[in-house]
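A closer look at the structure
Okay, here's what each chain looks like letter by letter:
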Amino acid sequence: MHPGQLNLTNGIPITEYKIYNDSNGKHDLMLLKLPNPTNIRPIKLPSDAECRNRPQTVQIAGYAAKTTGPNNERVRGGSTTLQCADIPVVNCSRLRSCLQNRNPQSWKLYQHWFCGQSSTTDTSKGDSGGGVVHGCRIYGVHSFTGNHTHACVEAAGFIDVCNSGYKGWIKRIAHLVLLCCGHEVCRAEARYNCTHTGKTYRTFGCNGPGMVLPSL
């Protein structure tokens with residue numbers, strides 16, 4: 001992510017989007033389709049190995065309030081410049097327990113997320129939807145702040161892109177993989193051909209003939 005000026009007068013109209021949904025309901029994860037191609041190079045999803053060794057510090061960014069009042073009380077406001085900061089990854093058990101006690105039916109509880117917390121850095125209202133990144137890989141999406149009245153006293157929740165359900169869904173929607181005969185196979189950059197012969201699934205032009213990606 002790179003700092004830049006926020007232009008609120010020339011917004012981009014979004015007419016097509018997808019929200020992750022399962023038997024529990026909707027999750028706080030959405031993909032938006034831009035109306036026109038862009039020259040911005042998209043960030044990559046982490047590999048399975050990178051997910052297993054998720055970094056202990058990640059970068060967050062957003063345009064929300066960047067200052068607090070006395071005793072870290074949250075204040076209204078925002079920034080016209082994208083603010084970036086590093087935040088340590090922490091255990092979510094305390095935040096999950098608080099949410100469970102506060103609202104056992106909360107939609108947050110059935111979702112998959114990890115947490116970040118620091119005594120000097122926090123997210124604010126308006127940062128939701130921002131990427132949580134490290135090393136040019138996106139590991140999460142900012143979903144919610146743990147405490148809505150004071151900063152830096154509770155962890156923030158990030159949708160966990162490494163979750164196999166989320167990661168597979170992103171790849172399918174973004175056409176990084178295609179569903180062939182009930183199996184996920186990689187999509188060729190130029191062309192592909194997928195056939196079903198007994199239990200043999202073959203793809204051409206992506207990882208070579210006969211290579212099938214395991215279900216994510």
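Residues numbered from 1 in each chain as written. Predicted model: local features only at pLDDT ≥ 70, side-chain atom pairs only at ≥ 80, totals over all residues. Heavy atoms only, no water.

**What to know about the overall build of the protein**
Assigned secondary structure in the protein consists of 3 helices and 12 strands. Here the protein, with 216 residues, has 36% of them falling under the buried criterion. Here the analysis covers contacts within the protein between residues at least 6 apart in sequence; of these, 59% occur between residues at least 24 apart. Taken as a whole, the protein presents about 13500 Å² of accessible surface, with 51% of it coming from carbon and sulfur. (Helix = DSSP H or I, 4+ residues; strand = E, 2+ residues; numbered from the N terminus. Buried < 20%, exposed > 50% of the residue type's maximum accessible area, 1.4 Å probe, protein only. Contact = heavy atoms within 4.5 Å. Areas by Shrake-Rupley, 256 points an atom, 1.4 Å probe, with all protein chains shown as cover.)

**Things to note about the pattern of salt bridges**
Going through the model one piece at a time under the given rule, you end up with 6 salt bridges. For D48, the salt bridge goes to K167, with nearest N and O atoms at 2.9 Å. Here the residue D48 occupies a position in helix α1 (residues 48–52), and K167 occupies one in helix α3 (residues 164–173), the gap between them amounting to 119 residues. The class of D48 is partly exposed, set by a relative accessible area of 44%. Of the charged contacts, one joins E154 and R94 as a salt bridge, the two residues approaching to 2.8 Å between their closest N and O atoms. One end of the pair, E154, is in the loop between β7 (137–145) and β8 (156–160); the other, R94, is in helix α2 (residues 93–102), with 60 residues separating them in the sequence. Residue class for E154 comes out buried when judged on its relative accessible area of 7%. (Salt bridge = Lys/Arg side-chain N within 4 Å of Asp/Glu carboxyl O.)

**Some details on the side chain of S124**
Among the structural elements, S124 can be located in the loop between β5 (113–116) and β6 (131–134). The class of S124 is buried, set by a relative accessible area of 12%. Every residue in contact with S124, bar those within four places of it in the chain, is listed here: A64, A65, R74, H142 and T145.

**Points about the confidence of the model for the protein**
In low-pLDDT regions, the fine details of the predicted coordinates are not to be read closely. A residue-level look at the protein finds 76% of positions with pLDDT of 70 or above and a mean pLDDT of 79. Low confidence marks residues 178–216, where pLDDT is under 50. Its contacts with residues over four positions away, or in another chain, come to 61 contacts. (pLDDT = per-residue confidence, 0-100.)

**Points about the state of the cysteines**
One pass over the structure, following the stated rule, counts 2 disulfides. The disulfide partner of C51 is C162, and the gap between their sulfur atoms is 2.1 Å. The chirality of the disulfide connecting C51 with C162 is left-handed, given an S-S dihedral of about -80°. One end of the pair, C51, is in helix α1; the other, C162, is in the loop between β8 and α3, with 111 residues separating them in the sequence. You'll find C51 and C162 in the same group, each marked buried. Disulfide partner of C92: C115, at an S-S distance of 2.1 Å. For the disulfide bridge between C92 and C115, the dihedral angle about the S-S bond is near 125°, and by the sign convention the bridge is right-handed. A residue pair is termed long-range when its members are at least 10 positions apart, and C92 in the loop between β4 (78–90) and α2 and C115 in strand β5 qualify at 23 residues. (Disulfide = S-S within 2.5 Å.)

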